[in-house]
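A structural walkthrough
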Amino acid sequence: MSDRELVRITLRASGGAEAAARELSDRHRGAATGYAAQCTTTPTAAALLVTSAEFTAARSFLVDGASTAWRPYLLNTLVRTAAEWATDDKQHHLAPGLCSWLAESGGVAGAPVQGDDTTGAVLLGQAFHQLPERLQAVLWHRLVDQEDIAQVARCTGTGQDSVRIWAGTVEDKFLTLYGRLYEETAAARCRPFSRLVLTTARIGLPRALGSGGASGLKGHLAACGNCDRVFRNLSRPHGHEWGPLLAESLLPWGGGDYRAACAAVHAGEPPEEAQAGGLPPAPSLRPRILRTRALRTRSGRALFAIAVAGIALGVVLLGTGDSDPAGDPPATLRDSHDSSHTWSGSTAPKEEGPSLSVSPSASKLSKSSKPGSKPGSKPGSKPPADPPSASKSPPPPKPGNLAGARLRWDFENAGERPEDTSAAGRPGSYHGRVEWSDDRDGSVWFNGASYVETSRAVVDTTRGFTVSAWARLTSSEEFYTVAAQDGGDISGFFLQYAQDDNRWRLVMGHADSTEAGEDEAESAGPPAMDTWQHLTGVFDAEKRQILLYVDGRLQSTAAHHSTWEANGPFTVGRGLWEGEKADRYKGYVDDVRAYQRAMSASEIAALAGVGPNG
């Protein structure tokens, strides 16, 4: 499948989008990360820049209407994203050379093919973009990135034999287009020599002068920089000598350095950027929005939003109330439990019980029941087809130190309490109606009113910590908290879905009060609805920074300097706001973990790669 086809699938809100996005990122993230490292000062800033550029490029790629190879399009988007950073408080994360270049260009990072100039890089860029998209990919991947035939075939969605054939002819086609554009755009004083420039470049000027066929051309080349440049370009031998020129022509900034880094990697020498040092704080990619969250009660919520720079933007009422827990359980659920009394699937309590006190009456599904059905489907009915990626097990884990969890609930088995499979042995108590699903070899479903909590705190929120969970969100109507830990008035942290921004986020308040400000790190894009995603929130106390990862990839960071101890219960399925239980989760949760340390990026990638109950 070609890059363009993957982008198209990624933008659909349907099955296969997550798998397509992952494949697209896997193909190009190495190159994008290398270029981002060249544009930034730290690995953290580079990772944030790549994530933001991937999301922006995917949204605009098909809208732009241009037939462009994905790799150079993504890299151009990366520089344009960096240019946006240069206009706000993220400028200090950009490389000094890029900042200087942006200042000289007025902050504009348009691709070289844009503009009225038809010489030099612009002419080469125009010739490149007149090639069919797959030939653009072959030319770029082979000559600039120096990738092998197998990788080029993967990106173009064709067989290796076809790529070999294209690779043998694409340079000739490119040079023909370049020569044609040169002739068509030659100035009046150059037109008598333009044809001679093209033919003489093929045989060499000394040979042409010896035959007397280039009379006057030598003098014209000495006087005309445009014709001399074209002549020298067309005189280049085929092969990788074209790589640096293409990179300089098609990337707005630093193309030569990018190509040099590609050559170093190809030669087995890691570029200097890959050896960069520590990870100082980097800001959130999304603009901060000041919000007031109010009237979040058990019976309903109203969200009054928002004032930005003192301008009232409006009031939005979201008071839909908690979901009625009396509906039929999803067909995918294998067991059920309600904390207030036993039930058998057809009836359920109207009020939430205070705690778990009696054993559940489990009603097992038959072997024919298909895991992964959506909530609300009737028992015995044929469940709808799941997205290909929704219930697949993640790939085998990469190396990483995942030991030392202070809590791990994998929800593999039904029961009165979730079993803590970490060495700490911290059980919890279910509140309200929950269900168990066969999805991911055992997971739990919360109906928008239920939750689970421990009897005491699990992490010290004044020190570094990491909290992760697999989440499959089934609604976007309200705020939904996956994991949190209670303070007195609010949660010490919220790992949650934010309805107003339509993003996953990690939030930590400045104090135990709804009146205090808050810091948040948000996902680069909206959640993949009804699809499993791995969320990881990190507080790095040493760097005074919070970080959010989705599916093992860094999304954004934010500075967080104030600390206070939230010493209440650790919760899954709700948060605490104005002293009330709030933001109750609607959907599936699995494999919740908590660590009393800020985990590294490699550890989080490994955590996201662990299979169900692994």
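Details of the structure are given in the entry above.
Described below are features of the structure shown in this document. Predicted, not measured: the structure shown is a model, and the values here were computed from it.

**Brief notes about the packing of aromatic side chains**
With the rule as written, the count across this model stands at 17 aromatic pairs. On the basis of an interplanar angle of 90° and a centroid distance of 5.5 Å, the ring pair of Phe-174 and Trp-242 is categorised as edge-to-face. Highlighted residues: Phe-174 in helix H9 (residues 160-185) and Trp-242 in helix H14 (residues 242-250), separated in sequence by 68 residues. Here Phe-174 matches Trp-242 in class, with each residue buried. On the numbers, 6.3 Å between centres and 75° between planes, the contact of Trp-409 with Phe-570 is edge-to-face. With Trp-409 in strand S6 (residues 407-409) and Phe-570 in strand S19 (residues 570-572), this pair connects stretches of sequence that are 161 residues apart. Overall, the relative accessible area of 0% leaves Phe-570 in the buried class. An aromatic cluster is built from Trp-409, Phe-411, Phe-465, Phe-493, Phe-539 and Phe-570, whose rings are joined through pairwise contacts. Here the guanidinium or amino end of Arg-574 rests over the ring plane of Tyr-451, the centre of that ring lying 4.8 Å away.

**Looking at helix H5 (residues 96-104)**
For H5, the set of buried residues is Leu-98, Cys-99 and Leu-102. The buried residues of H5 occupy one face: seen down the axis, they fall within an arc of 100°. Looking at H5, the residues exposed on the side facing more than 90 degrees away from the buried face are Pro-96, Ala-103 and Glu-104. Here the buried face of H5 lies against helix H2 (17-39) and helix H4 (70-85). Just downstream of H5 lies Gly-106, where phi reads positive at about 75°.

**Section: the nonpolar core**
Core analysis: the largest hydrophobic core is formed by 89 residues, its most contacted members being Tyr-35, Trp-70, Leu-78, Phe-174 and Tyr-258. Excluding anything up to four places from it in sequence, Phe-174 contacts Leu-124, Ala-127, Phe-128, Leu-131, Leu-139, Trp-242 and Leu-246.

**With respect to the side chain of Thr-454**
Relative to the helices and strands, Thr-454 resides in the loop between strand S10 (451-453) and strand S11 (465-473). Thr-454 gets classed as buried once you look at its relative accessible area, which sits at 5%. A distance of 2.6 Å separates a polar atom in the side chain of Thr-454 from the backbone oxygen of Arg-456. A polar atom in the side chain of Thr-454 sits 2.9 Å from the backbone nitrogen of Phe-570. Excluding anything up to four places from it in sequence, Thr-454 contacts Leu-407, Trp-409, Pro-427, Gly-428, Pro-569 and Phe-570.

Rules used in this analysis
- Residues numbered from 1 in each chain as written.
- Predicted model: local features only at pLDDT ≥ 70, side-chain atom pairs only at ≥ 80, totals over all residues.
- Heavy atoms only, no water.
- Phe/Tyr/Trp six-rings, centres within 6.5 Å; stacked < 30°, edge-to-face > 60°.
- Helix = DSSP H or I, 4+ residues; strand = E, 2+ residues; numbered from the N terminus.
- Buried < 20%, exposed > 50% of the residue type's maximum accessible area, 1.4 Å probe, protein only.
- Lys NZ or Arg CZ within 6 Å of the ring centre and 35° of its normal.
- Arc of directions from axis to C-beta.
- Contact = heavy atoms within 4.5 Å.
- Core = buried A, V, L, I, M, F, W, Y, C linked by side-chain atoms within 4.5 Å.
- Polar contact = N/O pair within 3.5 Å; in protein donor to acceptor, adjacent residues only side chain to side chain.

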